[in-house]
Amino acid sequence: MAMPKGPRGQDIIAAIKQAGVRHVCVLPDITTSAGLLWPLSEDSELRLIRLSKEDEGVSICAALGYCEKRSVLLMQQTGLMDSLNNIRAVGCDYEQPVCMIVGLLGKEPDRAPTASDSFGVRIIEPVLDAMEIDHILIEGPEDVASLPPAIDRAYENSSPMVALIGRRVEP
Amino acid sequence: MMQRMACFEKIRDARDGAIVVATYTSAFEWRRVDPDPLNFVSVGAMGQASSHGLGLAIGLPEQKVVVLDGDGSLLMNMSTLTTIANEAPANLVHFVIENGSYEANGGHPIPSQGRTDFAGMARAAGYAHAATYEGLNQFAADLPELLSRPGPVFAALKVEAGEAPPLDYDYDWLHSADRRREFREAVKPLLKD
C-alpha cells in the first residue's frame with residue numbers, strides 16, 4: 001500500500017504569506033528540511049532568523065508582534081518541548097501571539113499522533129491541550145488550508161498556536 | 001567594581017529615546033531610575049531579555065534597542081550570543097550586569113562567579129564589539145560610543161551585588177497586562193509602513 005502523501009512545502013510557504021507572515025525563526029527539523037526549510041530559505045519575501053536554540057524564537061516572535069510584524073517559529077517537537085516554559089510565560093501567561101510550525105519526528109505517516117509508537121510524539125497533543133494551546137494537524141496537502149486561519153486566530157486572540165506537521169513535507 | 005544604580009543613571013542620561021529591555025532585578029532598579037513607556041520588561045522565562053531585544057531590534061531596525069541583561073540570565077540563554085551575532089543587528093546594545101549572583105533568588109553565586117569572561121564569549125561568538133568595565137569613569141567615557149557604534153555591541157558591567165537600597169519587588173507590576181499594553185502603545189509611533 002502506498003504511503004499517504006505529505007503536505008507540499010510551497011503550499012505551506014504560500015499559506016504563511018497569505019497570513020501576512022514575513023519573518024520565520026527556525027531551527028532545522030528533518031520532517032520539514034528538504035520540502036519546506038530549504039525552499040523557504042531561498043524565498044526573498046521571507047526573512048529567515050536562524051536560531052541557536054528554539055526558545056529564543058518564542059521571545060523573538062513575541063517581540064516582533066509588538067512591532068506589528070507577523071512571524072512563525074519552525075522547529076521539531078523536541079524543540080517545542082524544550083521551549084515549553086517560555087511558551088507558558090510569553091504565550092500563555094502574557095497572551096502574546098506566538099505561531100509555531102512543528103515537525104513531528106518519528107511519527108508514522110498513517111497514524112494519528114496520539115496513536116504513535118513514539119512516546120515523544122504521542123504526548124504532544126495532550127501537552128498542548130493541558131496548556132490550552134490552540135493546535136492544528138497538517139498531515140496531507142488538503143490540510144494546509146487550515147494554516148492561514150489558525151495564524152489569523154492567534155493574532156486576533158493574542159495567543160499561541162501550534163501547527164503540527166505529521167508527515168514529511170514534500171518539495 | 002561599580003554600583004549598578006550608578007551605571008543605570010549613566011545609561012539613562014545617554015538613552016536618547018532608546019527602547020530598554022530589562023530583566024528581573026535590573027528591571028526593578030531600572031524602573032526606579034528611569035520609568036518610561038519604552039521600557040520593556042522581560043520576565044516569566046529567565047534568560048530571554050536578549051532574545052526579546054533581538055526581536056525588537058529586527059522589528060524596528062531604525063530604533064536603538066538597549067538590553068540590560070543579568071549574568072545569571074545570560075548563562076540561562078547563552079545560545080543567544082551566536083544568534084545575535086549571526087543576525088548582526090546594528091541597533092542592538094547588550095549590557096550584562098555582572099554581579100556574580102542570583103540576586104532576586106537569595107543572592108546565591110552563579111556557577112562561574114569571577115571566572116567567566118562574558119565579553120570574551122560575546123566577542124568569540126561574533127559580536128561587532130565587546131568590552132568589560134569595572135570602573136564607572138571609563139564606562140561613562142565610553143558609553144556614548146557604545147550606544148552609537150554599529151552593533152551588536154556587548155558590554156559586561158562588573159557591579160557589586162545588593163548595594164542598592166532595598167528594592168520593592170513589585171511582582172504584580174512586573175507581570176501586569178497594563179505594563180505590556182503601555183509598551184505596545186509606546187511602540188506604535190515608531191512603526192513604519
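Rules used throughout
Numbers given to residues run from 1 along each chain, matching the order in which its sequence is written. Chain A is the first chain written and ligand 1 is the first ligand written, with later ones labelled in order. For this predicted model, a pLDDT threshold of at least 70 governs which residues receive local features, and a threshold of 80 or more governs which side-chain atom pairs are given and counted, while totals over whole chains, interfaces and linings are taken from all residues. For helices the rule is a DSSP run of H or I covering at least 4 residues; for strands it is a run of E covering at least 2, with both sets numbered from the N terminus onward. Atoms counted for the radius of gyration: C-alpha only. Globule rule: 2.2 Å times the number of residues to the power 0.38. Exposed residues have 12 or fewer other C-beta atoms within 10 Å of their own C-beta, buried residues have 20 or more, and residues in between are partly exposed; the C-beta atoms are placed from the backbone. Only strands that DSSP links by at least two bridges are regarded as paired with each other. For crossovers, right-handed means that the path from the first strand over the helix to the second runs clockwise, given strands pointing away from the viewer. Here, a nonpolar core means buried Ala, Val, Leu, Ile, Met, Phe, Trp, Tyr and Cys residues linked by C-beta atoms lying within 7 Å of one another. Contact definition: two residues whose C-beta atoms, as placed from backbone geometry, lie within 7 Å. Every axis in this analysis is a line fitted to C-alpha atoms, fitted for helices over the stretch in contact. Angles between the N-to-C directions lie between 0 and 180 degrees. In these notes the angle categories are as follows: under 35 degrees is roughly parallel, over 145 is roughly antiparallel, 65 to 115 is roughly perpendicular, and the rest is oblique. Handedness of a helix crossing follows the sense of rotation of the near helix relative to the far helix, less than a right angle counterclockwise being left-handed and clockwise being right-handed. Each residue is assigned to one class: nonpolar for Ala, Val, Leu, Ile, Met, Phe, Trp, Tyr, Cys and Pro, charged for Asp, Glu, Lys and Arg, and polar for all the others, Gly among them. This arc is taken over the directions from the axis of the helix to the C-beta atoms.

Asker: Help me understand the overall build of chain A, please; the structure alone is not making it clear to me.
Answerer: A count of helices and strands for chain A gives 8 helices and 6 strands. In chain A, the succession of helices and strands from N to C terminus is α-β-α-β-α-β-α-α-β-α-α-β-α-β. Taking 2.2 N^0.38 as the reference for a compact globule, 171 residues should give roughly 16 Å; the C-alpha atoms of chain A span a radius of gyration of 14 Å, in line with that estimate. Taken along the three principal axes of its C-alpha coordinates, chain A extends 50 × 35 × 30 Å. When the 171 residues of chain A are sorted by exposure, 49% land in the buried category.

Asker: Looking at this structure, how should I read the pairing of strand β1 (residues 21-26) of chain A?
Answerer: Along any regular strand, the residues point their side chains to alternate faces of the sheet. All names here are of chain A. Of all 6 residues in β1, 5 are buried; the element is thus mostly enclosed. Bridge analysis of β1 against strand β3 (residues 70-76) gives 5 bridges, and the strand direction is parallel. Of the residues in β3, the one forming a bridge with Val26 is Leu74. For the crossover from β1 across helix α2 (residues 33-41) to strand β2 (residues 47-50), the handedness is right-handed.

Asker: Would you explain the nonpolar core in this entry?
Answerer: Soluble globular proteins tend to pack their nonpolar side chains together in the buried interior. Formed by 102 residues in total, the largest nonpolar core has its most connected members in Leu73, Met100 and Val102 of chain A together with Val21, Leu56 and Leu157 of chain B. With 7 residues, helix α3 (residues 54-66) of chain A is the single largest residue contributor to this core. When neighbours within four sequence positions are excluded, Met100 of chain A is seen to be in contact with Val72, Leu73, Met75, Leu80 and Val162 of chain A.

Asker: It is not clear to me how the environment of Arg88 of chain A should be interpreted in this structure. Could you clarify?
Answerer: Of note, Arg88 of chain A is situated in helix α5 (residues 84-93). If sequence neighbours within four positions are ignored, Arg88 of chain A has contacts with Asp93 and Met131 of chain A.

Asker: Help me understand the packing of helix α1 (residues 4-14) of chain B against helix α7 (residues 136-148) of chain B, please; the structure alone is not making it clear to me.
Answerer: Each pair of packed helices gets described by two things: the angle between the helix axes and the distance between those axes. Residue and element names in this part refer to chain B. Relative orientation of the contacting elements α1 and α7 amounts to 30 degrees, with a least axis distance of 10 Å. Between α1 and α7, the angle is such that the two are roughly parallel. As α1 runs across α7, the sense of the crossing is right-handed. Along the contact surface, α1 presents Ala6, Cys7, Lys10 and Ala14, while α7 presents Leu136, Phe139, Ala140, Leu143, Pro144 and Leu147. Partitioned by chemical class, the residues of the contact of α1 with α7 number 9 nonpolar, no polar and 1 charged.

Asker: For this particular structure, what's the right way to read the sheet that holds strand β7 (residues 129-133) of chain B?
Answerer: Within a beta sheet, neighbouring strands are joined by backbone hydrogen bonds and run either parallel or antiparallel to one another. Residues and elements named next belong to chain B. Spatial ordering of the open sheet is given by β2-β1-β3-β4-β8-β7, a layout of 6 strands whose pairing is parallel. The sheet is open, and its two borders are formed by β2 (39-41) and β7, each paired with just one other strand. Each strand axis lies, on average, 15 degrees off the axis of its neighbour in the sheet, ignoring direction. Looking at chain direction, strand β3 (residues 65-70) and strand β4 (residues 92-98) are connected through 6 bridges and run parallel.

Asker: What should I look at first to understand the pairing of strand β8 (residues 153-158) of chain B in this one?
Answerer: All names here are of chain B. For β8, a buried count of 6 out of 6 residues is recorded, marking the element as mostly surrounded by other parts of the structure. Here β8 shows a buried face lined by Val153, Ala155 and Leu157 and a second buried face lined by Phe154, Ala156 and Lys158. Summarising the sheet, β4 and β8 pair through 6 bridges and their orientation is parallel. The residue bridging Ile97 from the neighbouring strand is Leu157, located in β8. In this fold, the crossover linking β7 to β8 by way of α7 has right-handed handedness.

Asker: Looking at this model, I keep getting lost on unusual backbone geometry. Mind explaining?
Answerer: Omega for the peptide link from Gly151 of chain B to Pro152 of chain B comes to 5 degrees, which places this bond in the cis form. Residue placement: Pro152 of chain B occurs in the loop between α7 and β8. For Glu68 of chain A, which is not glycine, the phi torsion reads 60 degrees and is therefore positive. In this structure, Glu68 of chain A sits in the loop between α3 and β3.

Asker: Could you clarify how one ought to interpret the sheet that holds β3 of chain A in this entry?
Answerer: All names here are of chain A. Taken in spatial order, the 6 strands of this open sheet run β2-β1-β3-β4-β6-β5, and their pairing is parallel. Of all the strands in the sheet, just β2 and β5 (134-138) have a single pairing partner and so form its edges. Shown here is a sheet whose adjacent strand axes are inclined to one another by a mean of 20 degrees, direction ignored.

Asker: Mind showing me how you'd approach the interface of chain A and chain B here?
Answerer: In many reports, interface size means the accessible area that the parts give up when they come together. Contact residues are listed per partner, giving 23 residues for chain A and 23 residues for chain B. Mapped by element, the contributors of at least two residues to the side of chain A that touches chain B are β2, α3 and α5 of chain A. Sort the elements by how many residues they give to the side of chain A that touches chain B and α3 of chain A lands first, with 9 residues.

Asker: Just checking my understanding: could you explain α1 of chain B for this structure?
Answerer: An α-helix turns once every 3.6 residues. As a result, residues three or four positions apart point the same way. All names here are of chain B. What α1 keeps buried is the set Arg4, Cys7, Phe8 and Ile11. Seen from one end, α1 has its buried residues packed into an arc of 100 degrees, which puts them on one side. In this structure, the buried residues of α1 make contact with α2 (24-33), β3, β4, α7 and β8. A positive phi of about 55 degrees marks Asp16, the residue just after α1.

Asker: Just checking my understanding: could you explain α2 of chain A for this structure?
Answerer: Residues and elements named next belong to chain A. Those residues of α2 that fall on the buried side of the exposure criterion are Gly35, Leu36, Leu37 and Leu40. Each buried residue of α2 sits inside an arc of 155 degrees when the element is viewed along its axis, so together they form one side. Packed against the buried residues of α2 are α1 (9-18), β1, β2 and β3.

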